[in-house]
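Below, each chain spelled out in residue letters.
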Amino acid sequence: MERPTWAPGEVDLERPSAARVYDYYLGGYHNLAVDREFAEQAMLAMPELPLIMRTNRAFLRRSVRHLVSQGVRQFLDLGSGIPTVGNVHEIAQAAAPESRVVYVDKDPVAVAHSQVMLEGNAGAGVLLADMRDVQSVLADEAVARLIDPAEPVGVLMFAVLHFVDTDKMARDTVRGYMAAVPSGSYLVVSHGTHEVVGERGKQVERLYTRTDNPFYPRNQAQVSALADGLELIEPGVVYLPSWRPDSPEEVEDHPEKSSTYAMVARKP
């Protein structure tokens with residue numbers, strides 16, 4: 001197939017990308033036919049997938065605003081994905097213009113579009129890296145330029161740890177970043193689960209083995225363990241709509257339909 005102008009040369013046009021599939025779920029345009037075909041197959045098993053992704057973005061907005069209200073002015077967005085409306089720097093800088101954000105993703109399409117979006121924004125940067133390589137990420141020029149290690153940091157992991165294949169690797173990744181930031185820093189996580197959807201979720205999980213990021217859902221106890229040693233912020237580990245909704249109407253009768261846990265935790 002003809003390579004789109006927005007797809008860097010290293011992008012595999014024949015294999016679905018989890019980042020581009022997510023973009024499609026959100027109604028974006030930076031995806032390929034192979035991504036759209038994959039997403040449609042996944043939605044046959046779980047038609048609610050696009051709604052889940054939008055609910056995750058709503059949690060992103062609420063949690064970033066909360067961190068800003070607590071005085072956090074610098075953010076490390078790990079596995080940030082393809083830019084769409086309501087990115088971290090837009091939310092944080094709208095509330096506190098001095099806020100600084102570093103985006104990290106291993107998908108070349110996500111990074112290329114982030115670079116275009118951030119052009120001229122001195123308070124934001126992006127790097128192409130695998131977030132599991134904690135030391136390389138922390139040593140990058142963008143992090144050194146924008147993140148002051150003496151000030152609290154918001155370490156953001158939205159819908160990304162469920163692409164890490166073992167509990168140990170997920171915990172080690174979280175601990176690596178949280179060990180590097182000072183007291184008063186925060187961890188924000190959203191993480192997929194199959195506790196409610198059962199076999200339908202397993203069908204989606206099997207489909208994701210075809211992408212560049214296989215899917216590894218975790219239960220509430222496993223997600224909670226990622227915050228060991230940190231102080232969980234109320235209401236704790238809950239389904240996405242239940243984490244500090246802006247209004248009661250945002251929480252439907254069955255928030256578990258989001259199939260995604262949300263949590264915010266503070267480093268003491």
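Residues numbered from 1 in each chain as written. Predicted model: local features only at pLDDT ≥ 70, side-chain atom pairs only at ≥ 80, totals over all residues. Heavy atoms only, no water.

Caption draft 1: Highlighting unusual backbone geometry. Of the consecutive residues glutamate 234 and proline 235, the connecting peptide bond is found in the cis state with omega at 15°. Topologically, proline 235 is positioned in the loop between strand 6 (231–232) and strand 7 (238–239). The phi dihedral of alanine 159 is positive, around 50°, even though this residue is not glycine. Looking at the element boundaries, alanine 159 is found in the loop between strand 4 (154–158) and helix 8 (167–180). A relative accessible area of 17% means that alanine 159 is categorised as buried. Here the phi dihedral of serine 259 falls at roughly 50°; this positive angle occurs in a residue that is not glycine. Tracing the sequence through the fold places serine 259 in the loop between strand 7 and strand 8 (260–266). (Helix = DSSP H or I, 4+ residues; strand = E, 2+ residues; numbered from the N terminus. Buried < 20%, exposed > 50% of the residue type's maximum accessible area, 1.4 Å probe, protein only.)

Caption draft 2: Structural context of the nonpolar core. Among the nonpolar cores identified, the biggest contains 35 residues, and Leu78, Val102, Val155, Met157, Leu161, Tyr177 and Leu187 are the most heavily contacted of them. Taken together, the elements giving at least two residues each to this core come down to strand 1 (74–78), strand 2 (100–105), helix 6 (134–138), helix 7 (141–146), strand 4, helix 8, strand 5 (186–192) and strand 8. In contact with valine 155, not counting residues within four places along its chain, are Leu76, Leu78, Tyr177, Met178, Val181, Tyr186, Leu187 and Val188. Core analysis: the next-biggest nonpolar cluster, separate from the first, contains 27 residues, Phe158, Ile233, Ala262 and Val264 among them. (Core = buried A, V, L, I, M, F, W, Y, C linked by side-chain atoms within 4.5 Å. Contact = heavy atoms within 4.5 Å.)

Caption draft 3: Layout of the environment of serine 190. Within the secondary structure, serine 190 sits in strand 5. Sequence separation between serine 190 and arginine 57 is 133 residues; the distance between their C-alpha atoms is 9.9 Å. Within the structure, serine 190 has its side chain in polar contact with the side chain of asparagine 56 (distance 2.6 Å). At 2.8 Å, the side chain of serine 190 and the backbone nitrogen of alanine 159 are in polar contact. (Polar contact = N/O pair within 3.5 Å; in protein donor to acceptor, adjacent residues only side chain to side chain.)

Caption draft 4: Here's a closer look at the packing of helix 1 (residues 18–25) against helix 2 (residues 33–45). Two numbers describe how helix 1 lies on helix 2: the axes approach to 9 Å, and their chain directions differ by 65°. With respect to each other, helix 1 and helix 2 are oriented roughly perpendicular. Crossing of helix 1 against helix 2: the hand is right-handed. Contact residues: helix 1 offers Arg20, Val21, Tyr24 and Tyr25, while helix 2 offers Val34, Asp35, Arg36, Phe38, Ala39, Glu40, Ala42 and Met43. (Axes fitted to C-alpha atoms, helices over the stretch in contact; angles between N-to-C directions. Parallel < 35°, antiparallel > 145°, perpendicular 65-115°, else oblique. Left-handed = near helix turned anticlockwise from the far one by under 90°.)

Caption draft 5: Examining the side chain of histidine 194 more closely. Within the secondary structure, histidine 194 is located in the loop between strand 5 and helix 9 (199–208). Take histidine 194: its relative accessible area is 14%, and that puts it in the buried class. What histidine 194 contacts, discounting residues up to four positions off in sequence, is Gly201, Lys202, Glu205, Phe215 and Pro217.

Caption draft 6: A look at the pattern of salt bridges. Scanning the model with the defined rule gives twelve salt bridges in all. With a shortest N-O distance of 3.4 Å, glutamate 151 and arginine 100 are connected by a salt bridge. Note that glutamate 151 is positioned in the loop between helix 7 and strand 4 and arginine 100 in strand 2, a separation of 51 residues in sequence. Residue aspartate 172 pairs with lysine 168 through a salt bridge whose shortest N-O separation is 2.6 Å. Highlighted residues: aspartate 172 and lysine 168, both in helix 8, separated by four residues, approximately one helical turn. Assessed through its relative accessible area of 33%, aspartate 172 is described here as partly exposed. Residue classification places lysine 168 among the exposed residues on the basis of a relative accessible area of 53%. (Salt bridge = Lys/Arg side-chain N within 4 Å of Asp/Glu carboxyl O.)

Coordinates in, geometry out; function isn't part of it.
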